[in-house]
Amino acid sequence: SSPSTRVGRFRFPPMSGGNPLEPLLAKHRSMQQDISKVQNSQSQATTLICENQMVLKELDLLEEDAQVFKLIGPVLVKQELIEVKSNVSKRIEYITSDMKRLEDQLATKKKELESMREQISKLQKGQ
């Protein structure tokens, strides 16, 4: 089968003498959308870290013998304060490591996008 251009859910057959910029521009738009998704994920992770840090600060205010409950479905289940603090701390660590992964992913995608911009610029100057 011959290569074709895909735009949304539509597929177009290759055209002779077509603009060589079109596939690059489509990929550029796609990469921008990917970057936006990663940035949204980063924002959500930042919010989760803040929420969990607030929970940890609240737990630090409690007496050691305080009763702590966790809502599981419609039921409140009693848990040990030390266990709850440990779980929240681990959650913060996990989200923080995920943030690092997202930062690396974002940096890679931005480099790819910059490289693509250079390719587009060269093609535009050549036309």
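This text goes with the structure placed above it.
So, here is what we can say about the structure in this document. Source: prediction; values computed, not measured. (Residues numbered from 1 in each chain as written. Predicted model: local features only at pLDDT ≥ 70, side-chain atom pairs only at ≥ 80, totals over all residues. Heavy atoms only, no water.)

A closer look at the overall build of the chain
In terms of regular secondary structure, the chain is built from 2 helices and 4 strands. Helices and strands in the chain line up, N terminus first, as β-β-α-β-β-α. Across the 127 residues in the chain, those meeting the buried criterion constitute 20%. A separation threshold of at least 6 residues defines the contact pool for the chain, and within that pool the share at least 24 residues apart is 71%. (Helix = DSSP H or I, 4+ residues; strand = E, 2+ residues; numbered from the N terminus. Buried < 20%, exposed > 50% of the residue type's maximum accessible area, 1.4 Å probe, protein only. Contact = heavy atoms within 4.5 Å.)

Thoughts on the packing of helix H1 (residues 21–61) against helix H2 (residues 81–126)
Two elements in contact, H1 and H2, have axes whose closest approach is 8 Å; the angle formed by their N-to-C orientations is 160°. As judged from the angle between their axes, H1 and H2 are roughly antiparallel. Of the two elements, H1 crosses H2, and the hand of that crossing is left-handed. Split into classes, the residues belonging to the contact of H1 with H2 amount to 24 nonpolar, 13 polar and 10 charged. (Axes fitted to C-alpha atoms, helices over the stretch in contact; angles between N-to-C directions. Parallel < 35°, antiparallel > 145°, perpendicular 65-115°, else oblique. Left-handed = near helix turned anticlockwise from the far one by under 90°. Nonpolar A, V, L, I, M, F, W, Y, C, P; charged D, E, K, R; others polar.)

With respect to the nonpolar core
Grouped together as the largest cluster of nonpolar side chains are 10 residues: Leu 21, Leu 24, Met 31, Ile 35, Val 38, Leu 102, Leu 106, Leu 113, Met 116 and Ile 120. Counting only elements with at least two residues in this core, the list comes to H1 and H2. Ignoring sequence-local partners within four residues, the contact set of Leu 106 consists of Ile 35, Val 38, Gln 39 and Gln 42. Counting residues in each nonpolar core, the second largest holds 7 residues, with Leu 81, Val 84, Val 88 and Ile 92 among its members. (Core = buried A, V, L, I, M, F, W, Y, C linked by side-chain atoms within 4.5 Å.)

Scope: geometric values only; no functional claims are made or implied.
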